Amino acid sequence: MTTLTAAAPRPAVPGRVGPAAALRHTMTLAWRSLVQIKHNPMELLDLSVQPVMFLLLFTYVFGGAISGSTTDYLQFSLPGLIVQNMLFATLTTAIGLSTDITKGVFDRLRSLPIARSAPLAGRIVADTLKQVWAFALFLGLGAVLGFRVHMGVTGVLGALLLLVAFALAMSWLSVLIGLTASEPEKVQIIAFSVMMPLTFTSNAFVPTDTLPEWLQRWVEVNPVTHLADAVRGLLSGGPVAGNATVSLLWGLGIALVFAPLSLRAFRLRA
Amino acid sequence: MRYAVQAEGLVKHYGETRALDGVDLVVPEGRLLGVLGPNGAGKTTAVRILATLLRPDGGRASVGGFDIVREAHKVRSLIGLTGQYAAVDEALTGVENLVMIGRLLGMPRAGARARAKELLERFDLTEAGGRAAKTYSGGMRRRLDLAASLVGHPQVLFLDEPTTGLDPRSRTELWGVVRGLMTEGVTVLLTTQYLQEADELADDIVVFDHGRVIASGTSDELKATTGAQVLQVRPLSGEHIGMVADVIADVIGTRPDVTGGLATVNVKDARVVPAIVRRLDDLGVVASELTLRKSSLDEVFLALTGHRAVEDPSADETKEKEGVSA
């Protein structure tokens, strides 16, 4: 590079980002995703409207028909609703990323001397905190309507950990959608056309044995079924280990498939 | 001369299309290079490569002496980037947008806040600083975007079509800001479709077309490359336009373009003008308009590329302003 020797001498600039700085960048970007809630508390409501609506509709509309009693149905369906909401909420990451890309914020961030992973990691940290909020909201509102936690704090924390672990695995899929969708609106369409069938063809809302036999076979494989059953076990009591293991294996599989694809899409953007 | 930006033979393809087809350019420290070209000429691709957002398929480039591929992180610590679309987080306030960048650049909280305040003041956004950016007008957003790219005191600033879509007043304001930065010694690479903008701001200009640099030099040098001044004659009476065209053709040997009662022709030697005036006078033709001026960049662009840069009403204004009666 002899032609470049004419350039001015520069103060020493670190050539890499250390782990401490990377963590700080991630936290700053997580703050950025969350601070909006402070000015616009409606956003928190946006996050919560869907859970609340589903909770009330399912309990009072379907409850009697499915379980003969709204309280019995609530005890059965709340874990399913929690799982469904968690899955939909993973797409927040995709929508946020896609918005950043179309608005040019993503490019701005990538032109800064920050950790390459921070724009993704910051978003995922913030979205995980939103997951915790939604979980707390479901349990709180559920309690008001008559849902009972039988397994104590350990069960609640266990359920939360399992849900967050699965959500993190799913966020690789979400990142891929966010990086490849041409616009945020497309993400919504994908969300509906993938997540709705996935969550409804499970035992999240109805017992498996009420379904036609060919569908039962899929329902028994569907990770949503295993997650819902694991969360039921952790909150209301019942078997946990088997369902939790299957759920985590699904999560692992999803991460193994989509993490490389997402990282490839991320590098292609870079 | 020290170069803040140097690029040699940059190539970038997208499938079959060559967005950049061997681009060389240099920006001396503290100067403003205007990259002029129509949509799709490769201007944005070049900026994205130099700002480390895109890897070149061929060629090499350095910013501040650092290689844009191997030392991308170091390059990023020297540059500011303002893209074609105002890249601000619309849900955040003006202050928060700037504080976020400051924090990402490693400033302590108080330092980031102080820098945000300073920049908001400078860009006349202090009052709007506490409002979400989505409530801002286009011009305000663009100013906030530019402020965001200045948080880290960049030595090299990339402005990718910073005034596209702005109204003339906001455009003039932004030009003022860019001139202010120049006095502070910041090196700027600015892309634009507006010939007037390049003419107003740039020390040096490169003209892009189809991913290549087709001409470079100062505004005056470029105007001189086509070797021509432009003579325009409008007879008072429209019927005389034919005679005007004949006289001009006779004197300089080229037939002028005649549009709307105005004869326009490139002339290489200003001494033909008195001859033409005398001949018209002999014929009793009175000219209501007779101008001799340097070709505008618009005409240079046309001469270089065979097509116009962009339909830009403000470019026409310039032409009129530049018109000097002979």
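Remember, predicted model here, so these are calculated numbers, not experimental data. (Residues numbered from 1 in each chain as written. Chains lettered and ligands numbered in written order. Predicted model: local features only at pLDDT ≥ 70, side-chain atom pairs only at ≥ 80, totals over all residues.)

Quick notes on the environment of B:Glu221
All names here are of chain B.
Reasoning step 1: Residue position: Glu 221 is located in helix H8 (residues 219-225).
Reasoning step 2: Its 13 C-beta neighbours within 10 Å are what place Glu 221 among the partly exposed residues.
Reasoning step 3: Taking the C-alpha atoms as reference points, Glu 221 and Asp 204, 17 residues apart in sequence, are found 9.3 Å from one another. (Helix = DSSP H or I, 4+ residues; strand = E, 2+ residues; numbered from the N terminus. Buried ≥ 20, exposed ≤ 12 C-beta atoms within 10 Å, placed from the backbone.)

Some words on the pairing of strand S1 (residues 3-14) of chain B
All names here are of chain B.
Reasoning step 1: Where S1 lies against strand S2 (residues 17-28), nine bridges are found, and the strand directions are antiparallel. When the sheet's bridge partners are listed, Gln 6 is paired in S2 with Val 26.
Reasoning step 2: The turn linking S1 back onto S2 is made up of two residues, and Gly 15 within it adopts a positive phi angle of 60 degrees. (Pairing = 2+ DSSP bridges.)

Let's talk about the UniProt feature "transmembrane region" (unreviewed entry) in chain A
Residue and element names in this part refer to chain A.
Reasoning step 1: As annotated by UniProt and renumbered to match this structure, "transmembrane region" (unreviewed entry) occupies residues 44-66, 86-106, 132-150, 156-177, 189-206 and 248-266.
Reasoning step 2: For residues 44-66, helix accounts for 100% and strand for 0%, while the C-alpha atoms at its two ends are 31 Å apart.
Reasoning step 3: In the segment residues 189-206, helix accounts for 67% and strand for 0%; the C-alpha atoms at its two ends are 25 Å apart. (UniProt positions renumbered as here; feature names shortened; annotations may be inferred.)

Some points on the nonpolar core
Reasoning step 1: Judged by nonpolar contacts, the single largest core of 87 residues is most densely connected at A:Ile82, A:Val83, A:Leu163, A:Val231, B:Leu98 and B:Ala147.
Reasoning step 2: Setting aside chain neighbours within four positions, we find B:Leu98 in contact with B:Arg115, B:Ala116, B:Leu119, B:Ala147, B:Ala148 and B:Val151.
Reasoning step 3: B:Val5, B:Val63, B:Phe66 and B:Leu201 belong to the second largest nonpolar core, which has 55 residues in total. (Core = buried A, V, L, I, M, F, W, Y, C linked by C-beta atoms within 7 Å. Contact = placed C-beta atoms within 7 Å.)

Focus: the domain arrangement of chain B
Residues and elements named next belong to chain B.
Reasoning step 1: The domain architecture assigned to chain B consists of domain 1 (3-223) and domain 2 (226-322).
Reasoning step 2: For domain 1 and domain 2, the distance between their C-alpha centres works out to 37 Å.
Reasoning step 3: Taken together, the contact pairs 15 residues of domain 1 with 15 residues of domain 2.
Reasoning step 4: Sorting the residues of the side of domain 1 that touches domain 2 by element identifies helix H7 (195-201), strand S9 (204-209), strand S10 (212-217) and H8 as the ones contributing at least two each.
Reasoning step 5: Here the side of domain 1 that touches domain 2 takes four residues from H7, the largest share from any one element.
Reasoning step 6: Tallied by class, the residues present in the side of domain 1 that touches domain 2 amount to nine nonpolar, three polar and three charged. (Domains from an automatic or database assignment. Nonpolar A, V, L, I, M, F, W, Y, C, P; charged D, E, K, R; others polar.)

With respect to helix H3 (residues 94-104) of chain B
Reasoning step 1: The element H3(B) is largely enclosed, with a buried count of 11 among its 11 residues.
Reasoning step 2: Of all the residues in H3(B), the buried ones are B:Gly94, B:Val95, B:Glu96, B:Asn97, B:Leu98, B:Val99, B:Met100, B:Ile101, B:Gly102, B:Arg103 and B:Leu104.
Reasoning step 3: Tucked into the core, H3(B) has its buried residues touching helix H1 (19-39) of chain A together with helix H4 (109-122) and helix H5 (138-150) of chain B.
Reasoning step 4: The positive-phi residue at the C-terminal boundary of H3(B) is B:Gly106, with phi of around 90 degrees.

Considering the interface of chain B and chain A
Reasoning step 1: Facing the 31 residues of chain B at the interface are 25 residues of chain A.
Reasoning step 2: When contributions to the side of chain B that touches chain A are tallied by element, the ones reaching two or more residues are S1, helix H2 (72-76), strand S6 (79-82) and H3 of chain B.
Reasoning step 3: The leading source of residues in the side of chain B that touches chain A is H3(B), at four residues.
Reasoning step 4: Taken together, the residues that form the side of chain B that touches chain A break down as 14 nonpolar, nine polar and eight charged.

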